[in-house]
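Read off the chains here:
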Amino acid sequence: AVQLVARALKAQFRITDPVYRLGGDEFLVLIEGATAAEMAPRLDALDAALKGQRLPGAAHPVDLVVAWGLADFTSVAELTAAFDRADRAMYA
């Protein structure tokens with residue numbers, strides 16, 4: 001499931017938007033020049049792309065669901081605070 005999510009993330013973003021696996025099932029995508037509002041439709045498309053996945057050992061297709069949070073930032077100095085805001089948004 002984690003590999004399917006990673007592939008779907010890479011497919012939804014530009015090659016210049018790095019996708020990081022933070023550990024377990026957590027990922028971070030850094031997108032330069034876009035706002036959180038602009039990214040919401042891409043993440044909706046990600047959710048749609050993860051429906052009906054075939055997982056090893058599963059008898060039937062599975063709808064994978066991603067809990068995601070978004071936060072804007074304008075400089076590297078703001079990255080930590082943006083990460084915290086996105087994390088809180090994900091849990092909301």
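Structure first, text after, so check above.
What you see is a predicted model; the values in this text were computed from it and never measured.

Novice: An account of the side chain of Asp-17 is requested, with residue identities and associated values reported.
Specialist: Topologically, Asp-17 is positioned in the loop between helix H1 (2–12) and strand E1 (19–23). Taking the relative accessible area as the measure of exposure, Asp-17 reaches 3% and is therefore buried. In this structure, Asp-17 is in contact with Val-29, Leu-30, Ile-31, Glu-32 and Arg-42, ignoring residues within four places of it in sequence.

Novice: I'd love a proper account of helix H2 (residues 36–49), names of residues and values included.
Specialist: A rise of 1.5 Å per residue sets the reference length of H2, with its 14 residues, at 20 Å; its end C-alpha atoms lie 20 Å apart and thus fit the reference within 8%. Every buried residue of H2 is listed here: Ala-36, Met-39, Leu-43 and Leu-46. Viewed along the axis of H2, the buried residues span an arc of 50 degrees, placing them on a single side of the element. Relative to its buried face, H2 has exposed residues pointing more than 90 degrees away, namely Ala-37 and Pro-41. The inward-facing, buried residues of H2 abut H1.

Novice: Got a sec to walk through the environment of Thr-80? Specific residues and values, please.
Specialist: Relative to the helices and strands, Thr-80 resides in helix H3 (residues 79–91). A relative accessible area of 58% places Thr-80 in the exposed class. Separated by 16 residues in the primary sequence, Thr-80 and Leu-64 place their C-alpha atoms 28 Å from one another.

Novice: Describe the pairing of strand E2 (residues 26–29), naming the residues involved and giving the relevant values.
Specialist: Pairing between E1 and E2: 4 bridges, direction antiparallel. The residue of E2 that forms the bridge with Arg-21 is Phe-27.

Analysis parameters
- Residues numbered from 1 in each chain as written.
- Predicted model: local features only at pLDDT ≥ 70, side-chain atom pairs only at ≥ 80, totals over all residues.
- Heavy atoms only, no water.
- Helix = DSSP H or I, 4+ residues; strand = E, 2+ residues; numbered from the N terminus.
- Buried < 20%, exposed > 50% of the residue type's maximum accessible area, 1.4 Å probe, protein only.
- Contact = heavy atoms within 4.5 Å.
- Expected span 1.5 Å × (residues − 1).
- Arc of directions from axis to C-beta.
- Pairing = 2+ DSSP bridges.

Don't take any of this as a statement about function, it's just geometry.
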